[in-house]
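# Structural features, examined
What follows is the residue order along each chain.
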Amino acid sequence: MEQVLQQRLNERQRQSLYRVRKTIASAQGASVVVDGKQLLGFCSNDYLGLANHPEINQAAKQAIDKYGIGSGASHLVCGHSSEHHALEQELAEFTGRDRALLFSTGYMANLGVITALLNKSDYLFEDKLNHASLLDGGLLSGARMQRYLHNDITSLELKLAKTKSGNKLIAVDGVFSMDGDIAPLPELVASARRNEAWLMVDDAHGFGVLGKNGGGCSEHFGLDQQQLPILMATLGKGLGTFGAFVAGSNALIETLIQFSKSYIYTTAMPPSIAASTRAGLRLLQTESWRREHLVELINYFKHGAALLELPLMESNTAIQPLLIGDANAALALSAGLEAKGIWVSAIRPPTVPAGSARLRITLSAVHSKQQVEQLLQALAELMPRVNHEQ
Ligand SMILES: *Cc1c(COP(=O)(O)O)cnc(C)c1O
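Below is a summary of the structure that appears in this document. (Residues numbered from 1 in each chain as written. Predicted model: local features only at pLDDT ≥ 70, side-chain atom pairs only at ≥ 80, totals over all residues. Heavy atoms only, no water.)

## Overview of the site of the ligand
For the ligand, the set of nearby residues contains 14 residues, the closest of which are G106, Y107, D202, H205 and K237. Within the contact set of the ligand, a nitrogen atom lies 3.4 Å away from a side-chain nitrogen or oxygen of H131. At a separation of 2.7 Å, an oxygen atom of the ligand approaches a polar side-chain atom of K237. When the free accessible area of the ligand is taken as 380 Å², the share hidden by the protein chains comes to 82%. Examining the composition of the shell around the ligand, we find that 3 residues originate from one element, helix α5 (residues 106-117), more than from any other. By residue class, the composition of the shell around the ligand is 2 nonpolar, 9 polar and 3 charged. (Near = heavy atom within 4 Å. Polar contact = N/O pair within 3.5 Å; in protein donor to acceptor, adjacent residues only side chain to side chain. Areas by Shrake-Rupley, 256 points an atom, 1.4 Å probe, with all protein chains shown as cover. Helix = DSSP H or I, 4+ residues; strand = E, 2+ residues; numbered from the N terminus. Nonpolar A, V, L, I, M, F, W, Y, C, P; charged D, E, K, R; others polar.)

## Considerations on the packing of aromatic side chains
Evaluation of the coordinates by the stated rule reveals 4 aromatic pairs. Between F94 and F207, the aromatic rings sit 5.8 Å apart at their centres with planes inclined by 80°, giving edge-to-face as the arrangement. Here F207 lies in the loop between β7 (198-202) and α9 (217-220) and F94 lies in helix α4 (residues 82-95), a separation of 113 residues in the sequence. Neither F94 nor F207 differs from the other in exposure class; each is buried. Here the aromatic rings of Y123 and F125 are separated by 6.4 Å at their centres, their planes lie at 15°, and the arrangement is stacked. Pair check on accessibility: Y123 and F125 agree, each one buried. Cluster of aromatic residues (ring-pair linked, three or more members): F94, F207 and F245. Looking at R144, its charged tip hangs above the ring of Y123, at a distance of 4.1 Å from the centre. (Phe/Tyr/Trp six-rings, centres within 6.5 Å; stacked < 30°, edge-to-face > 60°. Buried < 20%, exposed > 50% of the residue type's maximum accessible area, 1.4 Å probe, protein only. Lys NZ or Arg CZ within 6 Å of the ring centre and 35° of its normal.)

## So, the pairing of strand β9 (residues 244-248)
It is a general feature of regular strands that their side chains alternate between the two faces of the sheet. Most of β9 sits out of view: 5 of its 5 residues are buried. Alternating residues of β9 divide into A244, V246 and G248 and F245 and A247, and every residue in both groups is buried. Both strand β3 (residues 99-103) and β9 contribute to a ladder of 5 bridges, which runs antiparallel. From the neighbouring strand, R99 faces β9, where its bridge partner is G248. Summarising the sheet, strand β8 (residues 230-234) and β9 pair through 4 bridges and their orientation is antiparallel. The residue bridging M232 from the neighbouring strand is V246, located in β9. (Pairing = 2+ DSSP bridges.)

Here's what the structure looks like:
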């Protein structure tokens, strides 16, 4: 075994695709302590800066005093606490859905939804750039899965037209995690309706951030439960805590409770996580300044990057990737930034398509304009050199 594994590892290293973890010795925030060094971070998904908010932290501490740390069992056995239950009701109300169901992670939610809804006589349509968990859910379900060209409704409809009997599900990222662009949801809603297909949106990167109240993509486009019947979102990104939920009709939620294996056969998240997520949800609704400040930073960064002619990808969200192409060049740029005290990780295949390695810059409400300016200046100094080396 050692030999076989070592060969694979060597191959990965040779392709400049080897992954190494950096160790953080601080809370998330604008400034993080990484491998003993203080760096200005632009790569977390903590878009609103709620991952280390005193009220949210306090809610977890209080819940631990009351419930202890462990949930003790799965939701169906004896692990479903009143904190979980209240959070589900609040999420349903917040998203304007009949009900919501908590999952321990977003990965598990996507596996659980798709496998509970589809089997091998059904069809699944996914955007080419969908998150790995949506693709894995499709594989696990056994459904006939087809991937359409990114954000291309014509490509989707050509595939939909060829289906025969069986249920059809269209599953898509709301905000694409490595690109930052938003799926054309109104067109997808119309296409789903025309083709009698079900629609599922994974709003991991939109929830909390997009929409007037942070309701995410469905609020951004004003899509109700009729139009967007399967809404999934994660809690470990914009909301700053951990876990995920699915919101929709009573029949959908009951189906997941009965048939979703990644819901049934796993330990419920700690009640303290649910309690702190409730505190985060209250902050979302009462304090809109984080979203407003984030939008300002996004505009400021895009404007500065355009002046510098940086190869920014087309995005209006907090995810602002710089397309580099070559994996080695992306690593070199990331290392150059680190030498200047800035942390942006290089994203390489297979996370993104071959030849499209990038620096995935993410902005957060914890950043100041001055810190974004610091990032722009560092990029201005480094980018000509990287281009030249190519
Ligand atoms: C992060 C992410 C997930 C997984 O969520 P976790 O709670 O981290 O497991 C699912 N879908 C998308 C689009 C994501 O970005």
